[in-house]
Amino acid sequence: MPSVYAISDLHVSHRKNYELLEQISPHPGDCLIVAGDVGETLEHLERTLEVLRPKFDLLLWTPGNHDLWTTRADAPALRGDAKYAALVERCRAWDVVTPEDPYPEWHEAGETYVLAPLFLLYDYSFRPAGVSKEDALATAMRAGIWCSDEVFLDPSPYPSIDAWCTARCELTEKRLAAVPPGHKLVLINHFPMRHDLVRLPTMRSFSIWCGTTRTESWPQRFNVAKVVYGHLHIPRSVSIDGVGFEEVSLGYPNQRRPWPSADFGLRRILGEEVRPC
């Protein structure tokens, strides 16, 4: 039976990661979700799609923060929403589903699942109660923790990343509300959609760059079966209130042990048969 697999945080600027993608076996009939942070440039995305698209019948993509960075390699330098639009254009050229496209349906065991790639960003609200954004940023800086987004992620034409996040959340909420109530949703977002999913014992202050509290009610508001995310580079599966949350990061080469095969990094999200890895 066909399956839906997921992976995120490919970071193909690291040669070992790109080589792993090349070694993934063909999956005829299957779907692959790529939940952000492919790389930093349009070329990184292009090379990745060239490798992965022929291996799967359906490919879905949503951007991570690294994908949106402004880099000298993208000439002329693309910023903010213009960079996002260019990434979407590259995906569409490869027939890859993006957050700007109709959500595809997946039929399994008499159920209809809607696979919904989301682009939501973060708004610094994953911080302790009663602490302002400014104080949370200052606390992180004092702890020697900083996110490169503050330098490389330009929100243009929005005045801030917070404002861009708000606009994306408002747009996405309307689309999710329009999904037929009998269909089950698989939400696909680069960032965790609950604050309590961010467990970074040695980098607790980094949580402010990890999502928005605005999404925490979505798995209950909408008919959500599973949530796929990345960003944390800590793969895990957890069930909360009957909803499965799947962190599917590949991460940097020095963050994982050797795998028996490249397919080991693919997390099965839907599908009754477990494909040997």
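Before reading on, note that the structure itself is shown above.
The rules behind each value
Residues numbered from 1 in each chain as written. Predicted model: local features only at pLDDT ≥ 70, side-chain atom pairs only at ≥ 80, totals over all residues. Heavy atoms only, no water. Salt bridge = Lys/Arg side-chain N within 4 Å of Asp/Glu carboxyl O. Helix = DSSP H or I, 4+ residues; strand = E, 2+ residues; numbered from the N terminus. Buried < 20%, exposed > 50% of the residue type's maximum accessible area, 1.4 Å probe, protein only. Core = buried A, V, L, I, M, F, W, Y, C linked by side-chain atoms within 4.5 Å. Contact = heavy atoms within 4.5 Å. Pairing = 2+ DSSP bridges. Axes fitted to C-alpha atoms, helices over the stretch in contact; angles between N-to-C directions. Parallel < 35°, antiparallel > 145°, perpendicular 65-115°, else oblique. Left-handed = near helix turned anticlockwise from the far one by under 90°. Nonpolar A, V, L, I, M, F, W, Y, C, P; charged D, E, K, R; others polar. Polar contact = N/O pair within 3.5 Å; in protein donor to acceptor, adjacent residues only side chain to side chain.

Undergrad: Explain the pattern of salt bridges residue by residue, including any values.
TA: By the definition in use, this model includes 13 salt bridges. Of the charged contacts, one joins lysine 184 and glutamate 111 as a salt bridge, the two residues approaching to 3.5 Å between their closest N and O atoms. Taken together, the residues lysine 184 in strand β6 (residues 184–188) and glutamate 111 in strand β5 (residues 111–117) connect sequence positions 73 residues apart. Residue classification places glutamate 111 among the partly exposed residues on the basis of a relative accessible area of 29%. Among the ionic contacts, a cluster of salt bridges with common partners joins Glu173, Arg214 and Arg221.

Undergrad: Which residues make up the nonpolar core, and what values go with them?
TA: Grouped together as the largest cluster of nonpolar side chains are 73 residues, with contacts concentrated most on Trp61 and Trp209. Ignoring any residue separated from it by four or fewer positions in sequence, one finds tryptophan 209 in contact with Tyr122, Tyr124, Leu137, Ala140, Ile145, Trp146, Cys147, Glu150, Phe191 and His231. Listed in part, the 17 residues of the second largest apolar core include Cys31, Val97, Val248 and Leu270.

Undergrad: Provide a residue-level description of the sheet that holds strand β9 (residues 243–247), including the pertinent values.
TA: Pairing is mixed in the open sheet, where six strands are placed in the order β4-β5-β6-β7-β9-β8. Only two strands of the sheet have a single neighbouring strand rather than two, namely β4 (105–108) and β8 (236–240). Direction aside, neighbouring strands of the sheet carry axes that sit 20° apart on average. Examined bridge by bridge, β4 and β5 share four bridges and lie antiparallel to one another. Counted as the bridge partner of glutamate 108 is glutamate 111 from β5.

Undergrad: Account for the packing of helix α1 (residues 15–23) against helix α2 (residues 42–52), naming residues and giving values.
TA: As a packed pair, α1 and α2 sit with axes 9 Å apart at the nearest point and diverge in direction by 25°. Comparing the axis directions of α1 and α2 gives the class roughly parallel. You can see that α1 and α2 cross each other, and the crossing is right-handed. Together, Tyr18, Leu21 and Glu22 of α1 and Arg47, Thr48, Val51 and Leu52 of α2 make up the contact between the two elements. Class assignment of the residues belonging to the contact of α1 with α2 gives a composition of four nonpolar, one polar and two charged.

Undergrad: Mind laying out unusual backbone geometry, listing which residues take part and the relevant values?
TA: In the segment running from serine 156 into proline 157, the intervening peptide bond is cis, with an omega of 5°. Turning to its location among the elements, proline 157 is positioned in the loop between α5 (149–152) and α6 (161–177). Within the chain, alanine 109 stands out as a residue other than glycine whose phi angle is a positive 50°. Structurally, the position occupied by alanine 109 is in the loop between β4 and β5. Owing to a relative accessible area of 59%, alanine 109 belongs among the exposed residues under this scheme. Look at histidine 233: it is not a glycine, yet its phi comes out positive at around 60°.

Undergrad: Hey, could you go over the side chain of asparagine 65 for me, with residue numbers and the actual values?
TA: Within the secondary structure layout, asparagine 65 lies in the loop between β3 (56–61) and α3 (80–93). Separated by 3.1 Å, the side chains of asparagine 65 and aspartate 149 make a polar contact. Contacts of asparagine 65, omitting those with residues within four sequence positions, involve Asp37, Asp149, Leu153, His190, Phe191 and His231.

Undergrad: Residue-level account of the side chain of histidine 66, with values.
TA: Among the structural elements, histidine 66 can be located in the loop between β3 and α3. Take histidine 66: its relative accessible area is 11%, and that puts it in the buried class. Leave out the neighbours within four places in its chain, and histidine 66 touches His11, Asp37, Gly39, Glu40 and Tyr252.

Undergrad: Could you give me a rundown of the environment of histidine 231, with the residues and numbers involved?
TA: Mapped onto the fold, histidine 231 is located in the loop between β7 (224–229) and β8. With relative accessibility at 9%, the residue histidine 231 sits in the buried group. Along the chain, histidine 231 and asparagine 65 lie 166 residues apart, while their C-alpha atoms are 8.5 Å from each other. Apart from residues no more than four positions distant in its own chain, histidine 231 is found in contact with Ser8, Asp9, Asn65, His190, Phe191, Pro192, Phe206, Trp209, Cys210, Glu247 and Ser249. Only 3.4 Å separates the side chain of histidine 231 from the side chain of asparagine 65, close enough to count as a polar contact.

Undergrad: I'd love a proper account of the sheet that holds β3, names of residues and values included.
TA: In space, the four strands of this open sheet follow the order β3-β2-β1-β10, with mixed pairing throughout. On the outer flanks of this sheet lie β3 and β10 (267–270), each paired with one strand and no other. Averaged over all adjacent pairs, the angle separating strand axes in this sheet is 30°, with direction ignored. Pairing of strand β2 (residues 27–34) with β3 involves five bridges; the strand directions are parallel. Bridge assignment links valine 34 to a residue of β3, and that residue is tryptophan 61. Each of β2 and β3 touches α2; the most contacted strand, β3, lies at about 155° to it.

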